[in-house]
Each structure stands twice: as structure tokens, then as C-alpha cells.
There are 2 protein chains.
Amino acid sequence: MTGLVDLSLAEMAGGLDDGAISSVDLVTAHLTAIEAANPILNAVWDVDADGALAAALASDVRRGRGDSLSELDGIPFGLKDNIDVAGRPTSDGLGTAWIPAGDAAITERLREAGAIPLAKLAMHEAALGGTSDNPHRGRVDNPVLPGHTPGGSSGGSAAAVAAGLVPLALGTDTLGSVRIPAAYCGVVGFKPSFDLLPTLGVTPLCWTLDHVGPIARSVIDLALTLPVLTNMEIEEVELSGLVLGWPAEVDACEIEPAVQGVIDAALDRLRAGGVQIRQVKLGFGDLSILRRAALLVIEAEGAVALEKIWEDHPEALSETLSGMLSYGRDAAAARYVKAYRRIEDAGEVISAALDVVDALILPTTPQTPFAADARAPVNQADLTSIANYAGTPAVSLPVPGGGAPVGLQLVGGFYEDAQLLGIALAVEDLLRS
Amino acid sequence: MTGLVDLSLAEMAGGLDDGAISSVDLVTAHLTAIEAANPILNAVWDVDADGALAAALASDVRRGRGDSLSELDGIPFGLKDNIDVAGRPTSDGLGTAWIPAGDAAITERLREAGAIPLAKLAMHEAALGGTSDNPHRGRVDNPVLPGHTPGGSSGGSAAAVAAGLVPLALGTDTLGSVRIPAAYCGVVGFKPSFDLLPTLGVTPLCWTLDHVGPIARSVIDLALTLPVLTNMEIEEVELSGLVLGWPAEVDACEIEPAVQGVIDAALDRLRAGGVQIRQVKLGFGDLSILRRAALLVIEAEGAVALEKIWEDHPEALSETLSGMLSYGRDAAAARYVKAYRRIEDAGEVISAALDVVDALILPTTPQTPFAADARAPVNQADLTSIANYAGTPAVSLPVPGGGAPVGLQLVGGFYEDAQLLGIALAVEDLLRS
């Protein structure tokens, strides 16, 4: 039986618009879905049922008067637990929580458009890791591949969207934390250009690399959120004639054969659709060296970002986390400066490559979701992090097929978010046809 | 007797244009001036007489054919010794030197406009200090106040321009190193918006705060260089109706009474000219705390920037310099991150203040040039460094009068360099009338 939660975001918005469904029904259906699925999934940590139902009622009244605030008016959404919602606990995935008085800027932006904050979602501790296996709150399951990781650090966001607990979720992405779980859960994750979405009210981890980004079930659904999140409208793009660049560095990244096979088949379909796929050599050398540099930058900035919580609640940080932060805090400043410059230089190389192609195309991750008890592969974020170094927009979309989820990643030019999502929409359209 | 070197840059350009003078005459006159004055001044470290005369001849031939490259075609200029000129030694003020194969990007830009690199100019060791009293190459004298410091770190650039050894010089400015010596030598120094002028081929000290900037004898002269350096044209600005902000923080900076008196008189004249001067509270607290934060950032980045020279030629760095760099290199990364964020936050506060006034107005330095044997005052760069934190353009222009030189500083909005120089031109015009 198909219920309200199985509709696409676009269908929900259409139904609200023509009066076929109400926001109260929509919120109620998602509350029911959370109640049913979350005991096993553990993707949702906090639900504001009363607040959401009141907001839904108000939305329905507005709609009735013809005063709808936006296409998202009445649509419920979830937020990773490092993004503030006024009056609801924020934990940042730590073993403590606090109640912010106000919304994060991005929460406020969605709320002002009539969207309804329904749930706070599970995450990897402090957004620093790729499994969402949280030492304080337990593990998040992968709804499309049970017993496997949903990825991280925004694992709860991707799992909740994939399982129909919310049609839209916000995550954060420092090295790939929106796109990796989106790929693993078979949904779409988007990391916009650096600073395009405000981070005020989002618990920082690394000021240099942090981004906020949305997760939805399709690029069509994501497109609907773009005008509200950014004031941009998605651009219409023709696939035929597009030039996409495949970074030569990907071939040195030990891509799992299952992933390579699915991606190769997708590339063939794109070529048949008139897309030119050209190998580009970015030339920044070993991705693993960059990853280690980025990790040091994150650990040092994280030590400062989390300093106060760490001092006040030392028990709220796992040994693993406090070990990483101690390492970053105490490293020599010159090492931090070198690491910072290394990733900044890599970012410039990536930006330069984007001057000669319409977008880069590559897998989101070198592997499909690993078993929940397995150790996260070290190269898990090697293919996503390059867009964080460059600050350029990047989107992961699922490649349809029968096997384990595989994400296809597109990386666009700085502030060309609307064009990148236009390309992604055309690619999604072709791959689903 | 007034010679060619006493003409303004604008007069030189006009004379070249109408054929009254030749570039060969102009270069020859400056070579003669250098020969006469430099033994005492020590502002010039290297002269390319042959290269400059050949370039002057070529310029004159172009002019004769009506093929002048720009208003600066045939004008000689000097460069601080951390800016590369192909085939001429760069020392960065260290006890060693190397011969770059190519020009710095900014040198090339001027050379392509027909301007002639004539001399490499003295500087504080590694651009890290405010006296230009160099442990390897001796002290630079102040041409307008002999026996006193010319300031630094671009002390040779300001002294050479003030003494008529070159009509235009390039310097670098990390905390005030263009504007401080300009103020002390009674000339005009301009630090453009961050990254407006390219730093490729300039020995780095601190990637976060380094800027390249020109020094000339008047704002009118500087205005002439703007289209060549940046493609911007200076904006015409009416003084009447301008709103300039006086930062409240300046009053806590122990301004020397002689400086305060001269500045107050200048403010009175501006008010009489229709300018509204409004106190603005920037609100970033103690300037000395910011200065210490900035110094740590410079020391840590400097340790990385100079690492190779330091390793290869440890004897080329004074004990003072290597002590500072060691301190920065070995500091905990978390301290660097905090210091970086402190100055970045201050920069945002300054930028916000510039949203409500046309420019900030304040002294360039809290004091007039100090005696050559005195220790540099600790607060010397407190009033200039704020524009480095913000990355906003800032210009120091002399306040005419009989006493020791006093610089008046104007700070404008990010990338509003053309408007800022327009304001400076109008202020210069009023103060000289």
C-alpha cells in the first residue's frame, strides 16, 4: 500500500497546492512512519509532534486563505542533530545536549517558507566520522541494506529520507558527510558552494571545510528546495553536448568492482545520450595525502570549536573523539599551516579543472555500504572531500539498478549550483528512463 | 634647482606624452639621484642601470611611433626586495639572495604597460618588522627627518619615493608595511583589497594577511597607476556629504599629542568642507590583543613560508627572526586556529562598520617617526593592521604642515578601491589647498 510518505516531495507540494492533501495529514503520516520504523532504524533522535502539528494546522489555514508562503509550505523536514531548532535539544552527536533559544539561520529560512521542522536526526559523534555508529546513542541502520552502515556523518538524515520518515533533511558536509550517506542509502545529497547556505546556529567542526546541505529522494525534489534555500532557480540543461570530466586520480583510488561496473554502465548511457566524457588530470597527487592533511585541519579546528563543551563535559566525548581533538590541538602550528595550504592548493587545482569542463563526474564513494560491524574503509571520503577543498558544489545521485546502492557524483563550478543541479536533473532523468 | 626627479608622476607622464622629456632622460636623472643620495639613505640595494636605459630607449622609440603602452610607459619604478624582477637578485631582506628567472606577476603587469623596473629597494628583514633597520644590510635613513626611522617593513620603498630616487615604488603590507613607512616619509601608501593585486612572485610571509601595494608622492600620482595595476579607474568623489567614521578604538591607542593635534586640525578642515565625521564603535575590543593574535599567525605562516631558505641558509636569518619563526612553528595548532579566528572575526566587524559609513578615517600610526636608535613602539601597527584583518583597501596620505610627518589613513569597503582613492584624492585636494 502506498501512503502519503511514499509520495515524492514534488507530489506532496502539488497535493498541498491543489488541496488533495493537508499538511496535518502529511505530518501525521510521517509521525506514524517514524513511530513504526524508528525503533529499528534509530535515525530519529527527537520528534516535535506537537510543534509540527500546530505548524501544519497554521499552514493549512494559510493555504485555505491562498496565502501559501512557498512551495514548501506545510512540508515537514528533519535536521541533523548539529543544526539548531529553537527549543529542541541539539547534541552534535555528543553524550550531552543543550536547548538552543533560537533557530539556526538555515532552519529559520525554511520555517519562514512554511516548512515544518519535525525531527532531529542521528549523526556520527561530532560529525567527525563516516558510520553514524554513535557511542552515546547507538547505531543507525541502513534502510535499503539492513545490517549495513548508512554512512555518515549525516547518516540519520539520509536514512530518514530513504525510509520515508521525512521527505527532506538537512545535513552537514565537511569531507562528504551529506553525500556519502546519501550514496549509501540510495538518495540524493547536495553540498552547495561554500558559504552559500549559512552555518550560523550549526555546531561547527571545521570552519574551513564545513557546509550545510539538503538530502531528498530525487534531484527533482531537491530542485524544489533550491529557491527557498538559496534564491536560485535550477537551470534547464540539455545533456547532449555537455562535457564532463573524469578525474584521472579516481583510477588510483581502488574503486570496488561493483561500484566501477555500475558507474561504467551509467557513463555508457550518458555517452549514448550525447555527453562527452573526458579524462582530466587534476594533478594534485595522492588523494590519501590530502585526506590526512584535511583530517589534521579538522582535528585542530575541531579542538577549538568544541573546546568549551569538551572542558565542561569531558565525559560527553568518546575516547576516540577526544584523542583526535587532542592530537589536532597539540600539533605544531606549522603542521596545521602546511596541511591547510595543501588542501587550499588542491582546491585551486580542482577549480581550474572546472574551467574546462561543465562538471566533474566520479563515484561518490569507492565502495558500497559496508557491513555494520566492519571498520570504515580509509578511502571512504577521498572522492567527496575534493569538493570541500575547492568549496565547489557537489551532488550525489543514486544510479538505479538491482544491487547495493551506488552514488554517482557531479562536481560543478563555484557558485554554479543552479547549473550543477540542472545537469544532475538531466542525468537523473536519463538514468531513470 | 628643480630637476626631472622633482616632477610629479603626473607631470612626468605628461612630459613624456607631449615629448618635452624622454624616458632615457628620466631614467638617467633617477640614476643620478640614486648615486648622489643613496650612500646616506641606503634605500636602494640593487640598480639595473643597463636594463632600465635599454627599456627607456625602447619606450622612447614606441612613443615616437605613437605606440605608447600606457600612461606609465617610460616611467621608472622601484620594488621592495621581496618582489621578483627577472634576472635581478631578490633577498627578502635576508642574509642571502637568489636570482629569479621571471618577473613577479605585478612586475610583469607594470612592465607590460611600459613602466621600467629600475631598482630593488631596502626592507626590514623578511618584511617582519617596522624599522627597515636590516641586520644584514644596514639601516635606511628617513629622507624627510634624518636620523629617524623611515618605518617598515617597506622602508626603502617609502624613502626612495620621498627622496626622488623613484617616482613610484611597490611594497608589501601584512600589518601596515606599506602605509607605516609612507606616513613616516610623508608620501602616499596604498594597500589595495586582499588579492586585488597578484602576489605570485612575491616572497610570502603570511598568506592570510600579505598584500602588495604602491607608494607614490601624492594621491594624484597613485591614481595614475590604478588603471595599470588593477583595470580600475579612480572614482570622482565630492567631499561634501561624505560620512567618515572615526573608530572609537583609536582613542584607546595612546595617540601621541603631536599626531592627535595634526589629525584634529585635518578633521576640522574636512568638517568645514562638508564632511560628516561620526564616531563608530567597531567593538572588537583591545587592539593589542588583536596584534598579538596577528603576530602568531604571521610567525606560524612565516615559518612555513621561509622554511626552505631557513633550512638551506640558517645563517641568513637573524637570531631575532629565527626566534620569532621558531615560536610560530612550534606553537600549538589550536592557538594558531584561535588567533586566526580572532583576526578573521575582527575583519568582519570592520567590514560591517564600512556598511554604514563611506570610509573609516584615523591616523596611520599613533606616533611620528622615532629616532633611529629607539625601539619601535609596540602599538606602531595597531591602526593599520585592522585593514589587513578585513582585507579592505586602505590608504595613508600625508597631512601637510611644518612638523614631523603625520599620516592620515582612510579605510574603504572591500573591492571599493576606486571609490576609496577618489575620497583620498578629494581629501588631499582640500588639505593641500
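So, a few notes on the structure that sits alongside this text. From a predicted model like this one, the values you see are computed outputs, not experimental measurements.

Parameters and conventions
- Residues numbered from 1 in each chain as written.
- Chains lettered and ligands numbered in written order.
- Predicted model: local features only at pLDDT ≥ 70, side-chain atom pairs only at ≥ 80, totals over all residues.
- Heavy atoms only, no water.
- Helix = DSSP H or I, 4+ residues; strand = E, 2+ residues; numbered from the N terminus.
- Buried < 20%, exposed > 50% of the residue type's maximum accessible area, 1.4 Å probe, protein only.
- Pairing = 2+ DSSP bridges.
- Right-handed = clockwise from strand over helix to strand, strands pointing away.
- Arc of directions from axis to C-beta.
- Contact = heavy atoms within 4.5 Å.
- Least-squares fit on C-alpha atoms with pLDDT ≥ 70 in both.
- Polar contact = N/O pair within 3.5 Å; in protein donor to acceptor, adjacent residues only side chain to side chain.
- Axes fitted to C-alpha atoms, helices over the stretch in contact; angles between N-to-C directions.
- Parallel < 35°, antiparallel > 145°, perpendicular 65-115°, else oblique.
- Left-handed = near helix turned anticlockwise from the far one by under 90°.
- Nonpolar A, V, L, I, M, F, W, Y, C, P; charged D, E, K, R; others polar.
- Phe/Tyr/Trp six-rings, centres within 6.5 Å; stacked < 30°, edge-to-face > 60°.
- Lys NZ or Arg CZ within 6 Å of the ring centre and 35° of its normal.
- Buried area = accessible area lost by both parts, 1.4 Å probe.
- Salt bridge = Lys/Arg side-chain N within 4 Å of Asp/Glu carboxyl O.

### Comments concerning unusual backbone geometry
Residues and elements named next belong to chain A.
Then, in step 1: Residue S153 follows G152 across a cis peptide bond; omega there is 5°.
Then, in step 2: Within the element layout of this structure, S153 appears in the loop between β5 (138-139) and α5 (155-162).
Then, in step 3: The phi dihedral of A126 is positive, around 60°, even though this residue is not glycine.
Then, in step 4: Tracing the sequence through the fold places A126 in the loop between β3 (116-121) and β4 (133-134).
Then, in step 5: Unusually for a residue other than glycine, Y415 sits at a positive phi of about 65°.
Then, in step 6: Note on placement: Y415 falls in the loop between β13 (407-411) and α14 (417-432).
Then, in step 7: In this structure Y415 comes out as partly exposed when scored by relative accessible area, which is 38%.

### Section: the pairing of strand β9 (residues 243-247) of chain A
All names here are of chain A.
Then, in step 1: For β9, the buried fraction is high: five of the five residues fall into the buried class.
Then, in step 2: On β9, burial covers both faces: V243, G245 and P247 on one face and L244 and W246 on the other are all buried.
Then, in step 3: In terms of strand pairing, β9 meets strand β10 (residues 276-280) through five bridges, oriented parallel. The partner of W246 across the bridge, within β10, is Q279.
Then, in step 4: You can see the chain leave β9, run along helix α8 (residues 257-272) and come back into β10, and the turn it takes is right-handed.
Then, in step 5: As paired strands, β9 and strand β11 (residues 359-363) are joined by two bridges and run parallel to one another.

### Concerning helix α1 (residues 9-17) of chain A
Residues and elements named next belong to chain A.
Then, in step 1: Among all positions in α1, only L9, M12, A13, G15 and L16 are buried. Within α1, the buried residues cover an arc of 160° as seen down the axis, which keeps them to one side.
Then, in step 2: Here the buried face of α1 lies against α2 (23-41), α3 (49-65), β6 (168-172) and α7 (219-230).
Then, in step 3: Positive backbone phi, at 80°, marks G19, one or two positions downstream of α1.

### Topic: the relation of the copies chain B and chain A
Then, in step 1: With an axial shift of 0.0 Å and an RMSD of 0.0 Å, the rotation relating chain B to chain A amounts to 180°. Given the turn and translation reported, the copies of this chain are related as if by a two-fold rotation axis. Residue A333(B), judged by its C-alpha, is the member of chain B lying nearest the rotation axis, at 2.0 Å.

### A closer look at the side chain of S193(A)
All names here are of chain A.
Then, in step 1: Within the element layout of this structure, S193 appears in the loop between β7 (188-191) and β8 (212-216).
Then, in step 2: Residue S193 is classed as buried on the basis of its relative accessible area, which comes to 2%.
Then, in step 3: Within the local environment of S193, its side chain forms a polar contact with the side chain of D417, the two groups lying 2.7 Å apart.
Then, in step 4: Beyond its immediate chain neighbours, meaning those up to four positions away, S193 contacts H211, G391, T392, P393, G413, F414, Y415, E416 and D417.

### Looking at the packing of helix α9 (residues 287-305) of chain A against helix α12 (residues 333-353) of chain A
All names here are of chain A.
Then, in step 1: Direction vectors running N to C along α9 and α12 enclose 125°, while the axes themselves pass 8 Å from each other. Relative to α12, the element α9 is oriented oblique. Taken as a pair, α9 and α12 cross one another with a handedness that is left-handed. Contact residues: α9 offers I289, L290, A293, A294, L296, V297, A300 and E301, while α12 offers R335, Y336, A339, Y340, R342, I343 and A346.
Then, in step 2: Class assignment of the residues belonging to the contact of α9 with α12 gives a composition of 12 nonpolar, no polar and three charged.

### Some remarks on the packing of aromatic side chains
Then, in step 1: Applying the stated criterion to the full structure yields eight aromatic pairs over all chains.
Then, in step 2: Relative to Y336(B), the ring of Y336(A) has its centre 5.1 Å away and its plane inclined at 50°; by these criteria the two rings are tilted. Of the two residues, Y336(A) sits in helix α12 while Y336(B) sits in helix α12 (residues 333-353), which places them in two different chains.
Then, in step 3: Exposure remark for Y336(A): the relative accessible area of 4% places this residue in the buried category.
Then, in step 4: Taken together, the ring pairs in this structure connect Y336(A), Y340(A), Y336(B) and Y340(B) into an aromatic cluster.
Then, in step 5: The ring of W45(A) carries R137(A) above its face, with NZ or CZ at 4.1 Å from the centroid.
Then, in step 6: Geometry around W207(A) places R341(B) over its ring, the cationic atom sitting 3.7 Å from the centre.

### Digging into the interface of chain B and chain A
Then, in step 1: In this complex, chain B contributes 17 residues to the contact, which on the side of chain A involves 17 residues.
Then, in step 2: Across the interface of chain B and chain A, roughly 1,400 Å² is buried in total on both sides, 71% from carbon and sulfur atoms.
Then, in step 3: Together, A333(B), V337(B) and R341(B) form the three largest contributors to the area buried by chain B at its contact with chain A, with a combined 31%.
Then, in step 4: Inspection of the chain B/chain A interface yields two salt bridges.
Then, in step 5: Between E307(B) and K338(A) there is a salt bridge; the shortest N-O distance is 2.7 Å.
Then, in step 6: In this assembly, chain B and chain A are joined by eight residue pairs in polar contact (both at pLDDT 80 or more).

### Brief notes about the sheet that holds strand β8 (residues 211-216) of chain B
Residue and element names in this part refer to chain B.
Then, in step 1: The strand order across the open sheet built from 11 strands is β1-β3-β2-β6-β8-β7-β12-β13-β11-β9-β10, with neighbouring strands paired in mixed fashion. On the outer flanks of this sheet lie β1 (44-47) and β10 (276-280), each paired with one strand and no other. Pairwise comparison of adjacent strand axes, ignoring direction, gives a mean angle of 30° for this sheet.

### Things to note about the environment of C185(B)
Residue and element names in this part refer to chain B.
Then, in step 1: Examined against the element boundaries, C185 turns out to sit in the loop between α6 (179-184) and β7 (188-191).
Then, in step 2: In this structure, the C-alpha to C-alpha distance between C185 and T90, residues 95 residues apart in sequence, is 24 Å.
Then, in step 3: Apart from the residues within four sequence positions on either side, C185 is in contact with N142, P143, V144, P150, A158, A159 and A162.

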